[in-house]
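Here are the chains, one letter per residue:
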Amino acid sequence: MVAALAAQLAAAPVRADSGAPRARVRIELTRGPGTERCPDEQFLRSEIARRMGFDPFDAEAPFTMAASIEQGQRELIASIYLRDHRGVVLWTDSYRARGDCKTLVSTVALSIAVQLDDTGELPPPQAAPAPQEEPATSAEAPCSPERPCAGQPAPPPNDSPPARRPGKAPPARELPSVRAPPSSSAEQSAAERFRWSVGAGATMALGLTPGVAVGPTLAVTGRWPAWSIALEARGLSSLATNVEGVRVTASALTTNAALCLHRHFLFACGVGELGVLRAAPEVPITPESLLGLRAGIGARAGVTWPFSESLSGYGYTEAVQRLVDWSLVRRGGIAGSERAAWSAPALGVTFGMGLQLNL
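Everything numeric in this text was worked out from a predicted model, so none of it was measured.

### What to know about the overall build of the chain
Turning to step 1, where the next piece is worked out: Of the regular secondary structure elements, the chain holds four helices and 18 strands.
Turning to step 2, where the next piece is worked out: Per-residue burial over the chain gives 38% buried out of 359 residues.
Turning to step 3, where the next piece is worked out: For the chain, the exposed surface amounts to about 20600 Å²; the carbon and sulfur share of it is 60%.

Shown next as structure tokens:
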């Protein structure tokens, strides 16, 4: 909402009434670790001055407008504080953004400009009360609570705090955070860091071996805010132990590469697969080629469940189109003829789930 408001007011800067007094403040901008590429204090000053139509900054002003940009776990956090000459916070605001630091600082500038434009929000600094001279009284002045007679104890002091003066700023408030939309992939990658993650899970596959194959999966993933590249290794063993009346144990070892797009808790990937098929005993059932190679390409769709900042769960479904024949053949008798005992379908399906640790 604030980003949209900033776009609407970009062509018409905030200007105070020419007859109203112009607010004067000091400005401070602090950039925390990881936000060094965010716009500096000079950019913030120029944005505020552009929106207000004049330069509201004065090094001798009794009020200080302090802003800070911090890098959170997955987003940037901007905080704004207005303090008087005693350091008392009179007003506060905060905003959050995923990646676009320039838009976030521009939103901060708009918020400060709107606040300073309302001069009623800046009360005059409270000056120390001047000592009052006690009026001269004659010896014949009558007794009163303010001037007790000789020998009469003075009344107890009034320790109750003075009533709040009209116009004093209300206590600091925390406004709802507003997420600024990302403007470019370059600024997004600069603001949110690249990170590694490792994962382990269980996989069930149909079409890799005779019958259903199950086994573990290990993965290493490089993750950006919206993209990831994963390299996976799977070891799968077939639950079927009989091929054409022959007791055979079939297994497959595959390596997968996945390029994924992430949106909130969902992700979609393009997958490339390369694997090796094994069968024991190797006589009379054996893979079609010496290495029993398999290759394929496909797609994957899944969901993640974040348990914490460093640990999440995932589940997915994958379909891979076979590009190289993947079969077991049976050797004949003396003539040594061969025929296919089992052939993989053109399309294999895999289901997986596991845990992922963010480094």
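### Describing the pattern of salt bridges
Turning to step 1, where the next piece is worked out: If you walk through the whole model with that rule in mind, you get 11 salt bridges.
Turning to step 2, where the next piece is worked out: Across the pair arginine 86 and aspartate 84 runs a salt bridge, and its minimum N-O distance is 3.2 Å.
Turning to step 3, where the next piece is worked out: Of the residues examined, aspartate 84 reaches a relative accessible area of 8% and is grouped as buried.
Turning to step 4, where the next piece is worked out: With a shortest N-O distance of 2.6 Å, arginine 300 and glutamate 318 are connected by a salt bridge. Residue arginine 300 is found in strand 14 (residues 293–306), and its partner glutamate 318 is found in strand 15 (residues 311–322); the two are separated by 18 residues along the sequence.

### Describing the nonpolar core
Turning to step 1, where the next piece is worked out: Counting 30 residues, the largest nonpolar core has Leu44, Ile48, Met65, Ile69, Val108 and Ile112 as its most contacted members.
Turning to step 2, where the next piece is worked out: For this core, the secondary-structure elements that each account for two or more residues are strand 1 (26–31), helix 2 (41–52), strand 2 (64–71), strand 3 (76–83), strand 4 (89–97) and helix 3 (101–117).
Turning to step 3, where the next piece is worked out: Counting residues per element, this core draws most heavily on helix 3, at eight residues.
Turning to step 4, where the next piece is worked out: Not counting residues within four places of it along the chain, the set of residues in contact with isoleucine 48 comprises Ile27, Pro56, Phe57, Ala109, Ile112 and Ala113.
Turning to step 5, where the next piece is worked out: In terms of nonpolar packing, the next biggest core, distinct from the first, is built from 11 residues, Leu277, Ala279, Leu328 and Ala344 among them.

### Points about the environment of glycine 298
Turning to step 1, where the next piece is worked out: The residue glycine 298 is located in strand 14 in this model.
Turning to step 2, where the next piece is worked out: In this structure the C-alpha to C-alpha distance between glycine 298 and alanine 319, which are 21 residues apart in sequence, comes to 5.5 Å.
Turning to step 3, where the next piece is worked out: In contact with glycine 298, other than residues within four places in its own chain, are Cys269, Gly270, Val271, Ala319 and Val320.

### Here's the deal with the state of the cysteines
Turning to step 1, where the next piece is worked out: Per the stated rule, a full pass over the model turns up two disulfides.
Turning to step 2, where the next piece is worked out: Across the disulfide, cysteine 38 is cross-linked to cysteine 101 (sulfur-sulfur distance 1.8 Å). Disulfide cysteine 38-cysteine 101: the torsion about the S-S bond is 115 degrees, which places it as right-handed. Of the two residues, cysteine 38 is situated in the loop between strand 1 and helix 2 and cysteine 101 in helix 3; the sequence distance between them amounts to 63 residues. Of the two residues, cysteine 38 and cysteine 101, both sit in the buried class.
Turning to step 3, where the next piece is worked out: Note that cysteine 260 is cross-linked by a disulfide to cysteine 269, the S-S spacing being 2.0 Å. The S-S bond linking cysteine 260 to cysteine 269 shows a torsion near 105 degrees; that makes this disulfide right-handed.

### Structural notes on the side chain of serine 238
Turning to step 1, where the next piece is worked out: Within the secondary structure layout, serine 238 lies in strand 8 (residues 227–238).
Turning to step 2, where the next piece is worked out: By relative accessible area, which is 9% here, serine 238 ends up buried.
Turning to step 3, where the next piece is worked out: Within the local environment of serine 238, its side chain forms a polar contact with the backbone nitrogen of alanine 240, the two atoms lying 3.1 Å apart.
Turning to step 4, where the next piece is worked out: Other than its neighbours up to four places away in sequence, serine 238 contacts Thr209, Pro210, Gly211, Val212, Ala213 and Ala250.

### Topic: the sheet that holds strand 6 (residues 195–206)
In a beta sheet, neighbouring strands pair by backbone hydrogen bonds and run either parallel or antiparallel.
Turning to step 1, where the next piece is worked out: One closed barrel holds the eight strands; their spatial order is 6-7-8-11-12-14-15-18, and the pairing between them is antiparallel. Each strand axis lies, on average, 25 degrees off the axis of its neighbour in the sheet, ignoring direction.
Turning to step 2, where the next piece is worked out: Pairing geometry for strand 12 (residues 266–280) and strand 14, over 11 bridges, is antiparallel. Residue glycine 275 lies in a different strand from strand 14, and its bridge partner there is arginine 294.

Calculation criteria
Residues numbered from 1 in each chain as written. Predicted model: local features only at pLDDT ≥ 70, side-chain atom pairs only at ≥ 80, totals over all residues. Heavy atoms only, no water. Helix = DSSP H or I, 4+ residues; strand = E, 2+ residues; numbered from the N terminus. Buried < 20%, exposed > 50% of the residue type's maximum accessible area, 1.4 Å probe, protein only. Areas by Shrake-Rupley, 256 points an atom, 1.4 Å probe, with all protein chains shown as cover. Salt bridge = Lys/Arg side-chain N within 4 Å of Asp/Glu carboxyl O. Core = buried A, V, L, I, M, F, W, Y, C linked by side-chain atoms within 4.5 Å. Contact = heavy atoms within 4.5 Å. Disulfide = S-S within 2.5 Å. Polar contact = N/O pair within 3.5 Å; in protein donor to acceptor, adjacent residues only side chain to side chain. Pairing = 2+ DSSP bridges. Axes fitted to C-alpha atoms, helices over the stretch in contact; angles between N-to-C directions.

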